[in-house]
Amino acid sequence: MFDVVIVGAGLAGAVLAERFAQDKKVLLIERRQHIGGNCYDKIDDNGILIHRYGPHLFHTDDAEVWAYLSKFTDWRIYQHKVLAQIDGAAVPLPFNLNTLHKVFPKSLADSIEFALLKNFSFGKKIPIMELKNSAEVELQFLADFVYEKIFLHYTEKQWALTPDKIDGAVTARVPISISRDDRYFTDRFQAVPKNGYTALIQKMLSHKNIKLLLNTDFREVANLDGAGINLFGQKFSGRLIYTGLIDELFDYKFGALAYRSVDMRFETVDAENFQAAATVNYPNNYEFTRITEFKHIHPAKSARTTILKEYPQNYTGKNEPYYPLFTDAAKSAHAKYLAELKNFPQITAVGRLAEYRYFDMDDVVKRALEVYNSCSAG
Ligand code: FAD
Ligand code: UDP
């Protein structure tokens, strides 16, 4: 009855459902009670559009991804700014030349700026772990300062590990920027869907060839049998797109992959505004890593404002697997799951959970479009 079965109605599942539905019958199975995966947003009791699973800001340099998503939404032009609370002041993050002049007295800031511009061209972005290798005294001083005040304690909270113990690509997401650009991202296209991500994804899924089953766990309706798939008690011989946890698909036979979770705590503040930017990071104080105030992302007329404090947690299997934690054991187990997947040519694993990658939304859309193109070519 269905040509394609897709597990997970997040962004990866939605893009693939939309693409395959052009000429195939698609069954989309989602265990949550809503579509959108971790991009899910909704209007809360204060009349403010909030991101239930943490702040989601769309940014991409990929014109094709931007054009594709633009078929399903109008955009609200929005360039994300983040402040970091250090030494009692909220300063621009990523750390840039403006930040430098905000945290140090003029003479010291000038000498560090001089050393930076002598060693790196204007506009360059340097990961903290690279800056730490600098030989010059001013740069070494700056690296120690930024490492201690911005990266060390935030990373310990977020990952329960020091920055040298996690994949360097993770801290490199927030490089030191030799510029006066205060934006968190510098991509060509930056915006949020005008009516939110849920509305965007709803539009993608509004097709007569897509049948959506919410509140349905794939494991309740299907099982892997030998190298085949049983679905609703019958052999399924079509394509299965799987966007859930890859270890769960194979009953954790090579062990559970490591993740970090976050306790997302929303609060209503009885004031029109709470903070000066959409997100303020607290590297050194409190147990939460950052506070996001959603009114900055989607302005709303309300006497109150909604904020979100993020408290990182161990992943227990009962909370949400938000961030892959690339331990050596997890990397080796993941390689075994990938090898196992080859025994099931019908199954394609796509997305942040299924591919165990620290994907942003644009990476997921790009990946899903690539998968669709390769499936339809083969
Ligand atoms: P998911 O969104 O996780 O969707 C997978 C879906 O599959 C889920 O709905 C799940 O319920 C369902 N599922 C799993 N197993 C089963 C099963 N057995 N049966 C049925 N359904 C199942 N990206 C950005 O570009 N910008 C940002 O600002 C940004 N902020 C982020 C903040 C946080 C806190 C997090 C965690 C991520 C952020 N991201 C951001 C990344 C973004 O969330 C992901 O790139 C994107 O949501 C991944 O989509 P996906 O479809 O791969 O996975
Ligand atoms: N980071 C940090 N201090 C900050 C911001 C980020 O140490 O103020 C580090 C931390 O290890 C974090 C990583 O950089 O996990 C990536 O940050 P990003 O803001 O990209 O994380 P995300 O938005 O994906 O949670």
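Small disclaimer: the values here were computed from a predicted structure and weren't measured. Residue positions are given per chain, counting from 1 as you read along its sequence in written order. Lettering of chains starts at A and numbering of ligands starts at 1, both following the order in which they are written. Owing to the predicted nature of the model, reporting of local features is limited to residues with pLDDT of at least 70; listing and counting of side-chain atom pairs is limited to 80 or more, with chain, interface and lining totals taken over all residues. With hydrogens and water stripped out, all remaining heavy atoms of the structure feed into the side-chain values.

K.L.:
Please explain helix α4 (residues 106–119) as it appears in this structure.
P.N.:
Because each turn of an α-helix spans 3.6 residues, side chains separated by three or four positions in sequence point in the same direction. The end-to-end C-alpha distance of α4, which contains 14 residues, comes to 20 Å, matching closely the 20 Å that a straight helix rising 1.5 Å per residue would cover. When a residue's accessible area, from a 1.4 Å probe over protein chains only, is under 20% of the maximum for its type it is buried; when over 50% it is exposed; and in between it is partly exposed. Helix and strand assignments come from DSSP, with helices taken as H or I runs of at least 4 residues and strands as E runs of at least 2, each series counted from the N terminus. Buried residues of α4: Ala-109, Ile-112, Glu-113, Ala-115 and Leu-116, and no others. Each buried residue of α4 lies within a common arc of 160° when the element is viewed along its axis, so the set occupies one face. Residues of α4 that are exposed and point over 90 degrees away from its buried face: Lys-106, Ser-107, Phe-114 and Lys-118. Residue count minus one, scaled by 1.5 Å, sets the expected span of a helix. Working note: the arc is built from the helix axis to C-beta atom directions.

K.L.:
What is the right way to look at the site of ligand 2 in this model?
P.N.:
Working definition: residue near molecule or strand if any one of its non-hydrogen atoms lies within 4 Å of it. Close contacts around ligand 2 come from 16 residues, with Trp-159, Arg-173, Tyr-184, Tyr-323 and Tyr-358 the closest. With respect to ligand 2, the backbone of Ile-150 contributes an N or O atom lying 2.9 Å from a nitrogen atom. In the model, an oxygen atom of ligand 2 is placed 2.5 Å from a nitrogen or oxygen of the Tyr-184 side chain. Only the protein chains shown count as cover for residues, and the accessible areas themselves come from Shrake-Rupley with a 1.4 Å probe. Relative to its unbound accessible area of 530 Å², ligand 2 is 94% covered by the protein chains. Residues adjacent in sequence count toward polar contacts only when both atoms are side-chain atoms; beyond that, a polar contact is any pair of N or O atoms within 3.5 Å, and within protein one must be able to donate a hydrogen and the other to accept it.

K.L.:
It is not clear to me how the packing of aromatic side chains should be interpreted in this structure. Could you clarify?
P.N.:
Each aromatic ring pair is characterised by the separation of its centres together with the angle its planes make. The criterion for an aromatic pair is that two Phe, Tyr or Trp rings (for Trp, the six-membered ring) have centres within 6.5 Å, with stacked assigned to planes under 30 degrees apart, edge-to-face to planes over 60 apart and tilted to the rest. Using the criterion set out here, one finds 25 aromatic pairs in the structure. Ring geometry for Phe-250 and Phe-344: centres 5.7 Å apart, planes at 45°, overall tilted. Here Phe-344 lies in the loop between α11 (328–341) and β22 (347–349) and Phe-250 lies in the loop between α10 (246–249) and β17 (259–269), a separation of 94 residues in the sequence. Given the relative accessible area of 5%, Phe-250 is considered buried. An aromatic cluster is present here, built from Phe-58, Trp-66, Trp-75 and Phe-189 joined pairwise through their rings. Positioned over the ring face of Tyr-53 is Arg-32, at 4.1 Å from the centre of the ring. Placement of a charge over a ring requires the Lys NZ or Arg CZ to be within 6 Å of the ring centre, with the centre-to-atom vector within 35 degrees of the ring normal. Over the ring of Tyr-147 we find Lys-132, and its NZ or CZ is 4.0 Å from the ring centre.

K.L.:
Sorry, what's going on with the packing of α4 against helix α6 (residues 137–159) here?
P.N.:
A pair of packed helices is characterised by two quantities: the angle between their axes and the separation of those axes. Geometry is summarised by axes, namely lines fitted to C-alpha atoms with helices restricted to the contacting stretch, and by angles between N-to-C directions that run from 0 to 180 degrees. Running from N to C, α4 and α6 cross one another at 110°; their axes reach a closest spacing of 9 Å. In terms of orientation, α4 and α6 fall into the roughly perpendicular class. When α4 is examined against α6, the residues Leu-108, Ser-111, Ile-112, Ala-115, Leu-116 and Asn-119 are found in contact with a partner set consisting of Glu-138, Leu-139, Phe-141 and Leu-142. Any residue that is not Ala, Val, Leu, Ile, Met, Phe, Trp, Tyr, Cys, Pro, Asp, Glu, Lys or Arg is counted as polar, Gly included; the first ten are nonpolar and the last four charged. For the contact of α4 with α6, a count of residues per class yields seven nonpolar, two polar and one charged. Roughly parallel covers angles under 35 degrees, roughly antiparallel covers those over 145, roughly perpendicular covers 65 to 115, and oblique covers all other angles. Here a residue-residue contact requires only that any non-hydrogen atoms of the pair lie within 4.5 Å.

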